[in-house]
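Coordinate inspection notes
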Amino acid sequence: MNTTPDYSIVIPCHNEASRIDGLLGRVQRAFAGLDYECIVVIDRCTDESEAVVRAIALAMPNIRILSGPTRLGKGKAIKQGVLEARGAYIGFIDGDDEIDPKFLRESLDRIKSGDADIVVGNRHANGGAYHTTTLRHLTSKIYQTMVWLLFALEQHDSQAGMKAFRNSVARQLFSASMIDGYAFDIDILSRAHWMRLRVKEIPIEQQYKGVSRITFQHTLEMILDTCRVYDRHVREIVGRWARRESIGALPVIRSFAFLPFTTIIAFGLKIVLRKRSA
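About the thresholds
- Residues numbered from 1 in each chain as written.
- Predicted model: local features only at pLDDT ≥ 70, side-chain atom pairs only at ≥ 80, totals over all residues.
- Heavy atoms only, no water.
- Helix = DSSP H or I, 4+ residues; strand = E, 2+ residues; numbered from the N terminus.
- Rg over C-alpha atoms; globule rule 2.2 N^0.38 Å.
- Buried < 20%, exposed > 50% of the residue type's maximum accessible area, 1.4 Å probe, protein only.
- Contact = heavy atoms within 4.5 Å.
- Areas by Shrake-Rupley, 256 points an atom, 1.4 Å probe, with all protein chains shown as cover.
- Core = buried A, V, L, I, M, F, W, Y, C linked by side-chain atoms within 4.5 Å.
- Axes fitted to C-alpha atoms, helices over the stretch in contact; angles between N-to-C directions.
- Parallel < 35°, antiparallel > 145°, perpendicular 65-115°, else oblique.
- Left-handed = near helix turned anticlockwise from the far one by under 90°.
- Nonpolar A, V, L, I, M, F, W, Y, C, P; charged D, E, K, R; others polar.
- Patch = residues over 30% accessible without salt bridge, like charges linked within 9 Å, V, L, I, M, F, W, Y side chains within 5 Å.
- Salt bridge = Lys/Arg side-chain N within 4 Å of Asp/Glu carboxyl O.
- Pairing = 2+ DSSP bridges.

**Considerations on the overall build of the protein chain**
Looking only at helices and strands, the protein chain features nine helices and nine strands. Relative to the compact-globule value of 19 Å for 278 residues, the protein chain shows a C-alpha radius of gyration of 19 Å, a close match. Looking at the protein chain residue by residue over its 278 residues, the buried ones come to 50%. Across the protein chain, the fraction of contacts at a sequence separation of at least 24, relative to all contacts at a separation of at least 6, is 80%. Counting only carbon and sulfur atoms, one obtains 57% of the accessible surface of the protein chain, whose full area is about 13,200 Å².

**Describing helix H1 (residues 20–30)**
Along H1, the residues classified as buried are Ile20, Leu23, Leu24, Gly25, Val27 and Ala30. Contacts made by the buried residues of H1 are with strand E1 (7–13), strand E2 (36–42), helix H2 (49–57), strand E3 (63–67), strand E4 (89–93) and helix H4 (101–112).

**Focus: the nonpolar core**
Counting residues in hydrophobic clusters, the biggest one holds 37 residues, and the most contacted among them are Ile118, Phe151, Phe165, Leu173 and Phe174. For this core, the secondary-structure elements that each account for two or more residues are E2, helix H3 (74–84), E4, strand E5 (118–122), helix H5 (134–151), helix H6 (167–176), helix H7 (184–194) and helix H8 (216–242). The greatest single-element share of this core, amounting to five residues, is contributed by H7. Membership of the second largest hydrophobic core comes to 34 residues, among which are Tyr7, Phe31, Val40 and Ile93.

**With respect to the packing of H3 against H6**
Packed helix pairs are characterised by how far apart their axes lie and by the angle those axes make with each other. At a closest axis distance of 9 Å, the pairing of H3 and H6 adopts a crossing angle of 140°. Taken together, the axes of H3 and H6 lie oblique to each other. The way H3 lies across H6 gives a crossing that is left-handed. Contacts between H3 and H6 involve Ile78, Lys79, Val82, Leu83 and Glu84 on the former and, on the latter, Ala170, Arg171, Phe174 and Ser175. Looking at the contact of H3 with H6 residue by residue, the classes come out as five nonpolar, one polar and three charged.

**Focus: a nonpolar patch on the surface**
A grouping of Val238, Trp241 and Phe256 is seen on the molecular surface, where their side chains present a nonpolar patch of about 330 Å² in accessible area. Assignment of secondary structure puts Val238 in helix H8.

**Quick word on unusual backbone geometry**
Even without glycine at this site, Asp97 takes up a positive phi of about 65°. Within the fold, Asp97 resides in the loop between E4 and H4. By relative accessible area, which is 8% here, Asp97 ends up buried. Phi is positive for Arg196, close to 60°, though the residue is something other than glycine.

**A short note on H7**
Within H7, 10 of the 11 residues are buried, which leaves it mostly tucked inside the rest of the structure. Buried within H7 are the following residues: Phe184, Asp185, Ile186, Asp187, Ile188, Leu189, Ser190, Arg191, Ala192 and Trp194. Of the residues trailing H7, Arg196 is marked for its positive phi of about 60°.

**With respect to the sheet that holds E4**
Across the sheet, which stays open at both edges, the seven strands sit in the order E3-E2-E1-E4-E7-E5-E8 with mixed pairing between neighbours. Edge positions in the sheet fall to E3 and strand E8 (199–203), since each of these pairs with one other strand and no more. When strand polarity is set aside, the average angle formed by the axes of neighbouring strands in this sheet is 20°. Pairing analysis gives three bridges linking E5 to strand E7 (residues 162–166), with the strands arranged antiparallel. Bridging from a neighbouring strand, Val120 pairs with Lys163 of E7. Sheet strands touched by H2: E1, E2 and E3. Its angle to E3, the strand with the most contacts, is close to 155°.

Here it is as structure tokens:
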């Protein structure tokens, strides 16, 4: 395998023994004939995920496995894979095999063509689909509405488990990210916004397969991390406003309108999470 492949595909894997083989097979088909590496980050699995991946790697020499003794969290697992990636173009896709890697191939090709710095999947766009339970679909919509209110980002589906980057962009964004859990996407997209990077969306399909890794505790932590990212977002707005940079009136209004509420929510969540972990 070339030491500097065109594409690096990062896959976070936590207890996906029954599905990771299907995903890796689809990656192999989607990127057939191309120069790529596949980095699987084993995030302290308690099932046979690592054994399954190592067995597949015997027939797929372009698979690289990263494994450690501690639980990283989704954001930190992807960050570790991105910072280890050698490809000129880097993408990640969830290890649950709910999104077809063909969409990641399309995203990476668009970046390679010079069309964008970052490409994100949008399950709610025309041509996209999110086949899931009513509850999951509703909570996704509620969270995206909250993100839109707080950050005024142009992207409409921040949490889709597939995104692609130019190597230099990915390294800059993930090196700076401090969010280890499920809200890392917001941190990345918020930083990309202030860096004025070209972020494009493509419609993708996701098929829910009946197993969710997100618990109630994860949900609380995700909301807390979103509030933390928003705090940094507001500091960025105030700093640019103080320097008299042109940022528009809407971000300033939103920063002053919502910061008191997110501060109170974050304070309350810290207390709740501390009691739950005691």
